[in-house]
Amino acid sequence: MEELYLETKEGKVKIDDRIAQKYDLKKGTVSPFTQNHIVDKAGEFKREEPPKKRDSINQGDDEIEEMENGFYLSTSEMLDIAQGVDSDF
């Protein structure tokens, strides 16, 4: 497995192989925790193209959308989060 590093303001920090494997970290992506770039030993960051978005999944009047972080939320769930309440639907 290629050695991965987290690019920070203070320099590169090595990412433990177990952590990289556990969270499926790859060069050219960003850390899910700090949003810093994940680079190789030379500090190279080649942006990896995100997978193509799937179409919405229709369920009656409510559509389920895939968010940037990979979570799926329905329209009603998004509204609940925005309003800070939980609906009965």
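Residue indices follow the written sequence of each chain, beginning from 1 at its first position. At least 70 in pLDDT is required for a residue's local features to be given in this predicted model, at least 80 for side-chain atom pairs to be given and counted, and no such filter applies to totals for whole chains, interfaces and linings, which use all residues. With hydrogens and water set aside, each side-chain value is computed from the structure's full complement of heavy atoms.

A.B. asks: A description of unusual backbone geometry should follow, citing residues and the corresponding values.
C.D. replies: The residue Asp 24 is not glycine, and still its phi comes out positive at about 55 degrees. Numbering of helices and strands runs from the N terminus; a helix is a DSSP stretch of H or I covering at least four residues, while a strand is a stretch of E covering at least two. Positionally, Asp 24 belongs in the loop between helix H1 (17-22) and strand E3 (38-39). Residues other than glycine seldom take positive phi values, yet Gln 35 does so here, at roughly 65 degrees. Relative to the helices and strands, Gln 35 is located in the loop between H1 and E3. Burial status follows relative accessibility: with a 1.4 Å probe on protein chains alone, a residue under 20% of its type maximum counts as buried, one over 50% as exposed, and anything between as partly exposed. Classification of Gln 35 by relative accessible area gives exposed; the value is 51%.

A.B. asks: Can you break down a nonpolar patch on the surface residue by residue, with the values?
C.D. replies: Residues with no salt bridge and a relative accessible area higher than 30% make up the patches, which join like charges within 9 Å and nonpolar side chains (Val, Leu, Ile, Met, Phe, Trp, Tyr) within 5 Å. Exposure was quantified through the Shrake-Rupley algorithm and a 1.4 Å probe, taking into account, for residues, occlusion by the shown protein chains and nothing else. We define a salt bridge as a contact between a side-chain nitrogen of Lys or Arg and a carboxyl oxygen of Asp or Glu at a distance within 4 Å. On the surface, Ile 19, Tyr 23 and Phe 33 cluster together into a nonpolar patch covering about 320 Å² of accessible area. Turning to its location among the elements, Phe 33 is positioned in the loop between H1 and E3.

A.B. asks: Before we move on, can you summarise the confidence of the model for the protein with the specific residues and values?
C.D. replies: pLDDT measures how confident the predictor is about each residue, on a scale from 0 to 100. Chain-level pLDDT for the protein is 77 on average; 76% of the residues reach the 70-or-more range. Within the protein, no element has a lower average pLDDT than strand E4 (residues 57-59), which sits at 49, and none a higher one than strand E2 (residues 11-15), at 91.

A.B. asks: Explain the sheet that holds E3 residue by residue, including any values.
C.D. replies: Strand pairing in a sheet takes place through backbone hydrogen bonds and is either antiparallel or parallel in direction. Pairing between strands is defined by DSSP: at least two bridges between them are needed. Spatially, the 3 strands line up as an open sheet ordered E2-E1-E3, and their pairing is antiparallel. If you trace the sheet from one side to the other, it starts and ends with E2 and E3, each paired once. Across 5 bridges, the pairing between strand E1 (residues 4-8) and E2 is antiparallel. Looking across to E2, one finds that Glu 7 is bridged to Lys 12.

A.B. asks: Can you explain the pattern of salt bridges? Please cite residues and give values.
C.D. replies: Counting across every chain of the model gives 4 salt bridges. Among the ionic pairs, Arg 18 bridges to Asp 16, the shortest N-O distance being 3.1 Å. Residue classification places Arg 18 among the exposed residues on the basis of a relative accessible area of 64%. In this structure, the salt-bridge partner of Lys 27 is Asp 40, at a minimum N-O distance of 3.5 Å. Here the residue Lys 27 occupies a position in the loop between H1 and E3, and Asp 40 occupies one in the loop between E3 and E4, the gap between them amounting to 13 residues. Accessibility expressed as a relative area gives 10% for Asp 40, which makes it buried.

A.B. asks: Go over the packing of aromatic side chains with me, naming the residues and quoting the values.
C.D. replies: Each aromatic pair joins two rings of Phe, Tyr and Trp (for Trp, the six-membered one) with centres within 6.5 Å, and gets the label stacked for planes under 30 degrees apart, edge-to-face for over 60, and tilted for any other angle. On inspection of all chains with the given rule, the structure shows 1 aromatic pair. Measuring from centroid to centroid gives 5.2 Å for Tyr 23 and Phe 33, while their planes differ by 90 degrees, and the two rings are edge-to-face. Placement of Tyr 23 in the loop between H1 and E3 and of Phe 33 in the loop between H1 and E3 is noted, with a sequence separation of 10 residues between them. A ring is considered to have a charge above it if a Lys NZ or an Arg CZ atom is located within 6 Å of its centre and within 35 degrees of its normal. The ring of Tyr 5 carries Lys 12 above its face, with NZ or CZ at 5.7 Å from the centroid.

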